Amino acid sequence: MKCKINRNAAKVLNEMLSNADAEGKMIRVYITYMHDDHAHYDIKLDVPAEHDEVVHTDKGIDVILDKREEFLDGVWIKYFYVPEEGFEITNPSKEPQGHHHH
């Protein structure tokens with residue numbers, strides 16, 4: 001499975017991982033809602049479970065993905081400061097042309 005992280009997201013994720021509550025945990029990307037031909041994603045701190053794969057990203061952050069969810073393979077975690085601050089998680093390999101922000 002694959003996962004990409006932009007530079008801004010790596011900075012914010014590393015801050016999340018350095019929090020005292022995060023000890024022993026990793027970043028998990030998960031699907032919050034699926035409809036038609038795309039999914040909505042979110043992230044949380046978690047530990048790997050039976051059906052998970054730990055993906056090593058080029059930013060040095062390990063991300064947990066559930067191998068049973070094909071829409072997780074190829075996710076791209078981005079973080080933007082403008083127009084509003086927050087994560088944008090998409091999967092260019094699974095979604096139709098054009099996407100929307102969450």
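Residues numbered from 1 in each chain as written. Predicted model: local features only at pLDDT ≥ 70, side-chain atom pairs only at ≥ 80, totals over all residues. Heavy atoms only, no water.

K.L.:
Help me out: how do you make sense of the sheet that holds strand 2 (residues 26–35) in this one?
P.N.:
Paired through backbone hydrogen bonds, the strands of a sheet run either parallel or antiparallel to each other. Read from one edge to the other, the open sheet built from 4 strands follows the order 3-2-5-4, with strand pairing classed as mixed. Two strands in the sheet have a free side with no partner beyond their single neighbour: strand 3 (38–46) and strand 4 (52–56). When strand polarity is set aside, the average angle formed by the axes of neighbouring strands in this sheet is 30°. In this sheet, strand 5 (residues 62–66) lies alongside strand 4 in antiparallel orientation, the contact comprising 5 bridges. For H56, the partnering residue across the bridge sits in strand 5 and is D62. (Pairing = 2+ DSSP bridges. Helix = DSSP H or I, 4+ residues; strand = E, 2+ residues; numbered from the N terminus. Axes fitted to C-alpha atoms, helices over the stretch in contact; angles between N-to-C directions.)

K.L.:
I tried to follow the pattern of salt bridges on my own but got confused; where do I start?
P.N.:
Pairing between side chains of opposite charge can happen when their charged atoms approach one another. Applying the stated criterion across every chain, the model contains 5 salt bridges. A salt bridge links R28 to D46; its shortest N-O distance comes to 2.6 Å. With R28 in strand 2 and D46 in strand 3, this pair connects stretches of sequence that are 18 residues apart. Judged by its relative accessible area of 9%, R28 is buried. The class of D46 is partly exposed, set by a relative accessible area of 22%. The residue D58 makes a salt bridge to K59 at a minimum N-O spacing of 3.6 Å. In this structure K59 comes out as partly exposed when scored by relative accessible area, which is 32%. Several salt bridges converge on common partners, so that one network encompasses R28, D46 and D52. (Salt bridge = Lys/Arg side-chain N within 4 Å of Asp/Glu carboxyl O. Buried < 20%, exposed > 50% of the residue type's maximum accessible area, 1.4 Å probe, protein only.)

K.L.:
How should I be thinking about the nonpolar core in this particular structure?
P.N.:
The nonpolar side chains of a soluble globular protein tend to be buried with one another. C3, I5, V29, Y41, L65, V75 and I77 are the most contacted members of the largest nonpolar core, which has 21 residues in total. Listing elements by their share of this core, those giving two or more residues are strand 1 (3–5), helix 1 (7–18), strand 2, strand 3, strand 5 and strand 6 (75–80). For this core, the element with the highest residue contribution is helix 1, accounting for 4 residues. Aside from chain neighbours lying at most four places away, what touches L65 is M1, K2, C3, V29, H51, D52, E53, V55, L72 and V75. (Core = buried A, V, L, I, M, F, W, Y, C linked by side-chain atoms within 4.5 Å. Contact = heavy atoms within 4.5 Å.)

K.L.:
What exactly am I supposed to notice about the packing of aromatic side chains here?
P.N.:
Within a pair of aromatic rings, the relevant descriptors are the distance that separates the centres and the angle that separates the planes. This model, assessed by the stated rule, comprises 2 aromatic pairs. Seen in terms of ring centroids, Y79 and Y81 are 5.2 Å apart; in terms of plane orientation they differ by 70°. Their pairing is edge-to-face. Look at Y79 and you get buried, because its relative accessible area is 8%. Under the relative-accessibility criterion, Y81 is labelled partly exposed at 36%. Ring centres of Y79 and F87 lie 4.8 Å apart, and the angle between their planes is 80°; this geometry places the pair in the edge-to-face category. A relative accessible area of 23% places F87 in the partly exposed class. Here a set of aromatic residues connected by ring pairs shows up, and it is made of Y79, Y81 and F87. Stacked on the ring of W76, the Lys or Arg K4 has its end atom at 4.0 Å from the ring centre. (Phe/Tyr/Trp six-rings, centres within 6.5 Å; stacked < 30°, edge-to-face > 60°. Lys NZ or Arg CZ within 6 Å of the ring centre and 35° of its normal.)

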